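Spelled out, the chains give:
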Amino acid sequence: MASHDFTARIAWTGNRGEGTKRYRGYHRTWDLMTPGGTTVACSNDPRLGGDPALPNPEDLLLASLAACHMLWFLHLASAAGIVVTDYTDDPLGIGESELDGTGRFVRAVLRPRITLAPGSDVAAADAIHAHVGAHCFIARSVAFPVEHVATYQEA
């Protein structure tokens, strides 16, 4: 077994001059930086005082899960001789919150729309999703079920 290290840097950008002296006195904004990547401005969930125009940690987790699934789907499709020409997903994360504000994801539904080359075996393509979870680093790491409901078209 090989060990892998992943790094990122987050830097709080919400100090309005008094730090966290007052609960409502600071912004819930932060920057995300990854090695060699661009800086992504982020915020907290809007329900917790964040900026709704910026991604929040929950958005990023869901996007990471969907992206990992997509990349493994594309790899396994290619290995199976299935030609994918387009792939988009609008994943849905279902969460629950306690009265004290703590929360968690209880499940995610990936909803990819996949375009296949003409004459592709749609059933074979759809069967790949069941195998992705065994490979995807993120899916193997989360503590909630991940479902998929894919739609297909040929072009």
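In what follows, the structure referred to is the one given above.
Residues numbered from 1 in each chain as written. Predicted model: local features only at pLDDT ≥ 70, side-chain atom pairs only at ≥ 80, totals over all residues. Heavy atoms only, no water.

### Comments concerning the overall build of the protein chain
At step 1: What the protein chain contains, in helices and strands, is 2 helices and 9 strands.
At step 2: Counting from the amino terminus, helix and strand elements in the protein chain follow one another as β-β-β-α-β-β-β-β-α-β-β.
At step 3: For a compact globule of 155 residues, the expected C-alpha radius of gyration is about 15 Å, and the protein chain comes in at 19 Å, more than 25% above that figure.
At step 4: Based on the C-alpha atoms only, the size of the protein chain along its principal axes is roughly 65 × 35 × 35 Å.
At step 5: Scored against the burial criterion, the 155 residues of the protein chain give a buried share of 27%.
At step 6: Sequence-distant contacts, at least 24 apart, represent 49% of the contacts inside the protein chain between residues at least 6 apart.
At step 7: Carbon together with sulfur atoms contributes 56% to the accessible area of the protein chain, which is approximately 10,100 Å² in total.
At step 8: Here the protein chain carries 12 positive and 17 negative side-chain charges, and the mean point of each set is 11 Å from the other. (Helix = DSSP H or I, 4+ residues; strand = E, 2+ residues; numbered from the N terminus. Rg over C-alpha atoms; globule rule 2.2 N^0.38 Å. Buried < 20%, exposed > 50% of the residue type's maximum accessible area, 1.4 Å probe, protein only. Contact = heavy atoms within 4.5 Å. Areas by Shrake-Rupley, 256 points an atom, 1.4 Å probe, with all protein chains shown as cover. Lys, Arg positive; Asp, Glu negative; His and termini not counted. Charge placed at Lys NZ, Arg CZ, Asp CG, Glu CD.)

### Observations regarding the side chain of arginine 28
At step 1: Residue placement: arginine 28 occurs in the loop between β1 (9-12) and β2 (29-33).
At step 2: A polar atom in the side chain of arginine 28 sits 2.8 Å from the backbone oxygen of tyrosine 23.
At step 3: Excluding residues within four positions of it along the chain, arginine 28 makes contact with Tyr23, Cys42, Ser43, Asn44, Leu48, Gly49 and Gly50. (Polar contact = N/O pair within 3.5 Å; in protein donor to acceptor, adjacent residues only side chain to side chain.)

### Examining the state of the cysteines
At step 1: Counted according to the given criterion, the structure contains 1 disulfide.
At step 2: The partner cysteine of cysteine 68 in its disulfide is cysteine 136, sulfur to sulfur 2.3 Å. Here cysteine 136 lies in the loop between α2 (122-132) and β8 (146-148) and cysteine 68 lies in helix α1 (residues 57-79), a separation of 68 residues in the sequence.
At step 3: Note on cysteine 68: relative accessible area 12%, which makes it buried.
At step 4: Cysteine 42 takes part in no disulfide bond, and the closest cysteine sulfur, belonging to cysteine 68, lies 19 Å away.
At step 5: Under the relative-accessibility criterion, cysteine 42 is labelled buried at 1%. (Disulfide = S-S within 2.5 Å.)

### Re the nonpolar core
Nonpolar side chains tend toward joint burial in soluble globular proteins.
At step 1: Judged by nonpolar contacts, the single largest core of 13 residues is most densely connected at Phe73, Ile82, Ile114, Ile128 and Val132.
At step 2: At the level of elements, α1, β7 (112-116) and α2 are the ones that each hand at least two residues to this core.
At step 3: Sort the elements by how many residues they give to this core and α1 lands first, with 4 residues.
At step 4: One finds Leu65, Phe105, Ala108 and Phe144 within the second-largest nonpolar core, a separate group that totals 6 residues. (Core = buried A, V, L, I, M, F, W, Y, C linked by side-chain atoms within 4.5 Å.)

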